[in-house]
Amino acid sequence: MEFPSKLIENAVEELAKLPGVGKKTALRLALHLLKNESEDTFSLAEALVKMRTEVKHCTTCHNISDTEVCGICANPLRDRSLLCVVSDIRDVIAIENTSQYKGLYHVLGGVISPLEGVGPSDLHIDSLLERLLPNSEVKEVLMAISPTMEGDTTAFYLTRKLRDHQNLKITSIARGIPVGGELEYTDEITLGRSIVERTAYGRS
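Predicted, not measured: the structure shown is a model, and the values here were computed from it.

1. Re the pairing of strand β6 (residues 169-172)
The side chains of a regular strand alternate, first on one face of the sheet and then on the other. As paired strands, strand β5 (residues 140-143) and β6 are joined by four bridges and run parallel to one another. Its bridge partner being in β6, V141 is matched across the sheet by I170. For the handedness criterion, the β-α-β arrangement of β5, helix α7 (residues 149-162) and β6 is classed as right-handed. In this structure, β6 lies alongside strand β7 (residues 199-200), joined through two bridges in antiparallel fashion. Residue pairing in the sheet places T171 in a bridge with A200 of β7.

Shown next as C-alpha cells:
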C-alpha cells in the first residue's frame, strides 16, 4: 500500500497493530483523525497516554482501577461474603453490566494453559488463597470462568485447592453460557441468569 506521506504511513502502521484492525481500516481511522478538529485528536492522544501511564491494578482483586484499591473492593455496600473468581478484567465488566451480582471479585489474569506455557504460578492464585484464610469474611466462592477447556481446567484446579477450606461454599455460574463460549460475548440476560442460578461444585 502506497502512502502520500511518511507520517500517515507511520500512523497507519501503529493503528494496524490494534486487534481486528487491518491496513485499510487503519488508513480510514488515520484519515478521519487528520480530517477531524485538532482538539479531538489531541484529546484522544492524551486519553490514551493517561490510560497507559496512570491506570493501576487493584492491590486486592487485580481489577483495573484509578486508585490502589478499586471502587468495588472499597464499596462498603458490596457483599463481602461472596467472592467471584474470573479470568479477565473484561469478565468483571460483563458481569457488572448484568446488575445481578453484588459481591466482590478476584481477577486471575488468565487461565491455566499448558500449550501456551501458562501455569498456576503465572496467575493470581496465591493472592486468592490469601483472601480465603480462616479469618476471611468470604463464605462462597463463585467460579465465573469461561467454560472452555482451559477455563474448566482452571476451575477444577482451584476447586481442588479450596476443597479443604471448611465452611466455604464453591459454586459455578449456571451453564446457560454455551460450552466453549467467552463471558464477554454473552448477552447480559443470559449472563445475569447464570449468576442468579449458579450451581455448587462437587467436592471429591
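2. As for the environment of Y105
The topology assignment puts Y105 in strand β4 (residues 103-107). Between the alpha carbons of Y105 and L29 there is a distance of 36 Å; along the sequence they are 76 residues apart. Setting aside anything within four residues of it in sequence, one finds Y105 in contact with C61, I72, R78, L83, C84, V86, V92, I95, E96 and R131. Here the side chain of Y105 touches E96 through a polar contact of 2.5 Å, side chain to side chain.

3. Some words on the environment of G180
Position of G180 relative to the elements: it lies in the loop between β6 and α8 (188-196). As for G180 and S146, which are separated by 34 residues in sequence, their C-alpha atoms are 7.3 Å apart. If we ignore the near neighbours within four places in the chain, the residues touching G180 are P147 and T148.

4. Observations concerning the UniProt feature "zinc finger region: C4-type" (unreviewed entry) in the protein chain
As annotated by UniProt and renumbered to match this structure, "zinc finger region: C4-type" (unreviewed entry) occupies residues 58-73. Within residues 58-73, the helical portion is 19% and the strand portion 12%, while the C-alpha atoms at the span's ends are 8 Å from each other.

Definitions and limits used
Residues numbered from 1 in each chain as written. Predicted model: local features only at pLDDT ≥ 70, side-chain atom pairs only at ≥ 80, totals over all residues. Heavy atoms only, no water. Pairing = 2+ DSSP bridges. Helix = DSSP H or I, 4+ residues; strand = E, 2+ residues; numbered from the N terminus. Right-handed = clockwise from strand over helix to strand, strands pointing away. Contact = heavy atoms within 4.5 Å. Polar contact = N/O pair within 3.5 Å; in protein donor to acceptor, adjacent residues only side chain to side chain. UniProt positions renumbered as here; feature names shortened; annotations may be inferred.

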